[in-house]
Amino acid sequence: MIPPIGSSTTGATGWQPQPVALARAKSNERARKIFLGFTALPVVLILLVTLGLLIRSWPILSTYPLQDLLFGEVWKPSKMLFGLLPFITGTVWITAVGVLISVPPCLLVAIYLSEYAHDSTRSFIRPILDLLAAIPSVVFGVWGLVTIVPFVESTVMPFAKAAFPYIPFLKVDQPTGFSVLSGGLVLAVMIAPLLISVVYEVLLTVPNDLRRASLAIGATQWETIRRVLIPQVLPGIIAAVVLGASRALGETIAVLMVVGNVPQIPTSIFDAAYPLPALIANNYGEMMSIPLYDSALLGAALILLIIILIFNVLSVIVLQRVKQRKWE
Amino acid sequence: MESHIQVKDLKVSYGKQEVLKNVNLEIPRNRITVIMGPSGCGKTTLLMTMNRFLELNEGVTIAGQVLVDGHNIYSPDVDVTEVRKRVGLLAQRPTPLPMSIFDNVSYGMYIHQMRKETIEYKQAVRHYLELAGLWDEVGKRLHDPATALSIGQQQRLCLARGLAVEPEIILGDEPTSALDPVSSAHIEHKLLELKEKYTTVVVTHTLRQAKRLADHVVFMYLGEVVEQGPAAEVFGNPREERTKQYLQGLF
Amino acid sequence: MIKNFWKRKHIVELFVKLVMMFSIALVGGSLLLILATVVARGLPALTWEMVSQTPKGGFYMGKGGGVLNAILGSLYLAGGGTALALALSLPMALVLKTYLGDSKAGSLVRLSLDVLWGIPTIVYGAFGFAVMILLGMRSSLLAGILILSLVELPIMTRAMDEVIRRMPKGLEHAALALGSTKLEVATKVVVPQMLPGIITAILLAFGRGIGDAASVLFTAGYTDRLPSSLMSPTASLPLAVFFQLSTPYPAVRERGYASALILTIVVLVVSFGSRALSAKLSKYTVK
Ligand SMILES: Nc1ncnc2c1ncn2[C@@H]1O[C@H](COP(=O)(O)OP(=O)(O)OP(=O)(O)O)[C@@H](O)[C@H]1O
Ligand SMILES: [Mg+2]
């Protein structure tokens, strides 16, 4: 006798063990309890990390005004000034530029993969994305250092200087290519595999019937995509972008290697910046001598963590919803 | 009788499996043609060649010709979207687009830019909803999502949506098999009404429905057309042994 | 019905397709460019000495030696982290499948795994270091392994979960119907059947672990010596790249590129290896 589909996924109840199988059932029950404990681990870990950072950053959070921490413009630990604003704005700039550069082509690639590509094309592109996803952050950094930074310096910046001298956020104020733009370009490539695969999966949740209904009345594929598919999966696409942004926010080594690490509030994509993760990476471990320094850095980590947790939770919930949506 | 669609030497395979073997067919204009045959004999496949839907499946090879008004819709210079505009499809399960009732009906007209003014769209939507026998039920809630309708209503909405792009031919792949008897009768009724103006090709598994609808019958078996002809002949006095057996319910 | 190519919708369709092709070329081109850059810069300095020796005195000013310390350190770190992560994630993935399924609790666990996955490794690193200070620990191989296992845990579990969820329903039901308990189903049916996928998940996590710099920066530390015990600091390849590129000496930077090439090769071998291995193994499983 085969139990009805789905019965096994709802739990061990409903199954009456035979007397001979009682011992086995007992070990099954014990396993169940131990194992169920396991699944609490991820939640516990998230809480643990947050709590750990909170405790260690408590000294600064309780003595230093939060307002000055978040919006202070000066970072001078030796003078007890811990303004994180330059680092926060740096992070936001680099992430925004990276996401803006990455999203349009990634959306198109994902749409191509799900709507146009044949199986053979797909099996050709998949490994490219897998490889891109497998490349370590530091290698992206090397690439950025030897390719992107010089490219920005020798090509993009002179061009922007000549072509858009009056647009504020394209102003060229510094001589080197270590800039927000370089960081953004490196990030754009780094988050591409994630963006593409998440959007692709979201598109796969749309049933074929819907595409066919539109094609059947003579719509072109692009019309179908634009008018039927995209409105339908928009929440999923937004969630994918937010997920990509949260990945970009926390990226450390690769960005650190190409953005210049100058603690200033950038006003142009050609300015150097100093993102939060770089601040932590460059200074943590050397700060024991100055009181509150350690606490301030962990406070920075906590801020980063909280922003990313919010982004992540929101996008992951939306994506779960999108994937589990029951299509009639 | 003048034929509207001609199928000539049509061969279709999925990968290496040949599912249509040299099909030749004549489908008369402004009549209802019913395609029958046991499950898996290639009815859906045949129907999908007529609006160039079959090529949406991966790994399909199609050889031969399908002529609509004497023009081969598989010739390379043909505009697939025009073919699909001319040859409407009523699917097995109703598939309302995820938009309002109004937008569902106007979608095709909008895509093909068939109207200019908003008021024209409004009139046209009303017209086609009436034609599909749905206006009385939804006229007051045109901006509700289409998915809120009952399955039977959804299928009539799909009919209205298809009619709105002014096709000449309506294909139906078991269009009532997902519906309750009343809705099913409703659709049948509509198809009979519409046959004055449209050439209709319907696949069905129910013999009684076939008898109610058919002017012309095509009987298929294992990828071949075994018999085709006027309904009275095929039902009353089938020439082929296999048709006879099928009609007696032996398959 | 003759196609008019100049109709707006056909032009738009063509244009969109072209832009899509261009986007694909952009993504593929980036990958090629990255690989080409690393190979072009790294190959000239890649010598046998690089992979077979530890740094000699004055290594960071251009004198002799290699990065064997970092290569071995990375293998130990990622290997240990992966083993530890596996010990936790395999049971977790099985529980997710067998006891929680697609229930609310299951969704919650998957949600938290995805969120855990999204936490930046620098945060893990900082957290780890904070805990180490609290416990009075110094940076060590063990600390690096512990943090890397945290980094790898969510990616491994989720990858396994996806594989296990895709298992044909019939198999499990057949086993249950024969009188197996859920535990037996999990260990005797699910695991062997899913072996290729599980191996892919392990290698995926290993790749992520070996390439990460931010998490081991404070926890494993760095040393020129070969890793000798769980309690001694341990070098790693990503940090070797990073530190060598931070020096002003061209000869050292050259070796930084070579180290990046070594790291890239390791990661690509793991990535291709998992692909090939799972393709080979999946021949023997029920589809
Ligand atoms: N996408 C596909 N890929 C491979 N084979 C297919 C595909 N669709 C149909 N077939 C095969 O082609 C043959 C004809 O299928 P088709 O759907 O046309 O039959 P049918 O007459 O419509 O059957 P039914 O009455 O059950 O709807 C069948 O043997 C089927 O297995
Ligand atoms: Mg069929």
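Residues numbered from 1 in each chain as written. Chains lettered and ligands numbered in written order. Predicted model: local features only at pLDDT ≥ 70, side-chain atom pairs only at ≥ 80, totals over all residues. Heavy atoms only, no water.

Attention now moves to the pattern of salt bridges. Pairing between side chains becomes possible if they bear opposite charge and their charged atoms approach one another. Summed over the entire model, instances satisfying the criterion amount to 23 salt bridges over all chains. Taking the shortest distance from any N to any O, the salt bridge between C:R275 and A:D130 comes out at 2.4 Å. Remark: A:D130 occurs in helix α5 (residues 119–134) and C:R275 occurs in helix α12 (residues 250–281); the pair is interchain, linking two chains. According to the relative accessible area criterion, C:R275 is partly exposed, its value standing at 34%. The residue B:E168 makes a salt bridge to B:R86 at a minimum N-O spacing of 3.6 Å. Residue B:E168 is found in the loop between α6 (151–163) and β7 (169–173), and its partner B:R86 is found in helix α2 (residues 80–86); the two are separated by 82 residues along the sequence. Accessibility expressed as a relative area gives 26% for B:E168, which makes it partly exposed. One network of salt bridges, in which partners are shared, links B:E2, B:R29, B:D69, B:R86 and B:E168. (Salt bridge = Lys/Arg side-chain N within 4 Å of Asp/Glu carboxyl O. Helix = DSSP H or I, 4+ residues; strand = E, 2+ residues; numbered from the N terminus. Buried < 20%, exposed > 50% of the residue type's maximum accessible area, 1.4 Å probe, protein only.)

All names here are of chain B. The full set close to ligand 1 counts 13 residues, and S39, K43, T44, T45 and H205 are the nearest of them. K43 is positioned such that a nitrogen or oxygen atom in its side chain is 2.7 Å from an oxygen atom of ligand 1. Here ligand 1, which alone exposes 630 Å², has 63% of that area covered by the protein. The greatest single-element share of the shell around ligand 1, amounting to three residues, is contributed by helix α1 (residues 43–49). (Near = heavy atom within 4 Å. Polar contact = N/O pair within 3.5 Å; in protein donor to acceptor, adjacent residues only side chain to side chain. Areas by Shrake-Rupley, 256 points an atom, 1.4 Å probe, with all protein chains shown as cover.)

Moving residue by residue along a regular strand, the side chains alternate between the two faces of the sheet. Residues and elements named next belong to chain B. Across eight bridges, the pairing between strand β1 (residues 3–14) and strand β2 (residues 17–28) is antiparallel. By the bridge assignment, Q6 is partnered in β2 with E26. Once β1 ends, the chain turns through two residues before running back antiparallel as β2, passing G15 with a positive phi of about 60 degrees. (Pairing = 2+ DSSP bridges.)

On to the sheet that holds strand β10 (residues 224–230) of chain B. Residues and elements named next belong to chain B. Read from one edge to the other, the open sheet built from six strands follows the order β6-β7-β8-β3-β9-β10, with strand pairing classed as mixed. Edge positions in the sheet fall to β6 (87–90) and β10, since each of these pairs with one other strand and no more. Pairs of neighbouring strands in the sheet enclose a mean axial angle of 15 degrees, with direction left out of account. Summarising the sheet, strand β3 (residues 32–36) and strand β8 (residues 199–203) pair through four bridges and their orientation is parallel. (Axes fitted to C-alpha atoms, helices over the stretch in contact; angles between N-to-C directions.)

Attention now moves to the interface of chain C and chain A. Bring the parts together and some accessible area is lost; that lost area is often taken as the interface size. Each partner contributes residues to the interface: chain C has 83 residues there, and chain A has 89 residues. Buried surface at the junction of chain C and chain A, both sides included, amounts to about 7,600 Å², of which 79% is carbon and sulfur. Contact with chain A buries area across many residues of chain C, yet C:M20, C:I34 and C:Y99 alone supply 9% of it, more than any other trio. For the pair chain C and chain A, the number of links is one salt bridge. If one sorts the elements of the side of chain C that touches chain A by residue count, helix α1 (residues 8–42) of chain C sits on top with 21 residues. (Contact = heavy atoms within 4.5 Å. Buried area = accessible area lost by both parts, 1.4 Å probe.)

All names here are of chain C. Considered domain by domain, chain C is made up of domain 1 (2–45) and domain 2 (51–284). Buried surface at the junction of domain 1 and domain 2, summed over both partners, amounts to about 620 Å²; 77% is from carbon and sulfur atoms. Taken as a group, V38, R41 and A45 account for 62% of the area that domain 1 buries against domain 2, more than any other trio of residues on that side. At the boundary of domain 1 with domain 2, the tally comes to zero salt bridges. Looking at the side of domain 1 that touches domain 2 residue by residue, the class counts come to five nonpolar, one polar and one charged. (Domains from an automatic or database assignment. Nonpolar A, V, L, I, M, F, W, Y, C, P; charged D, E, K, R; others polar.)

A contiguous nonpolar patch, built from A:L51, A:L54, A:I55 and A:W58 and spanning about 420 Å² of accessible area, is present on the exposed surface. Overall, the relative accessible area of 34% leaves A:L54 in the partly exposed class. (Patch = residues over 30% accessible without salt bridge, like charges linked within 9 Å, V, L, I, M, F, W, Y side chains within 5 Å.)

This part takes up the interface of chain B and chain C. Taken together, the contacts link 11 residues of chain B with six residues of chain C. The largest per-residue losses of area from chain B upon contact with chain C belong to B:D77, B:D79 and B:E82, which jointly make up 47% of the total buried on that side. The tally of links from chain B across to chain C stands at one salt bridge. When the shortest N-O distance is used, the salt bridge between C:K7 and B:E82 registers 3.0 Å. The tally of links between chain B and chain C comes to four residue pairs in polar contact (both at pLDDT 80 or more). The class makeup of the residues in the side of chain B that touches chain C is four nonpolar, three polar and four charged.

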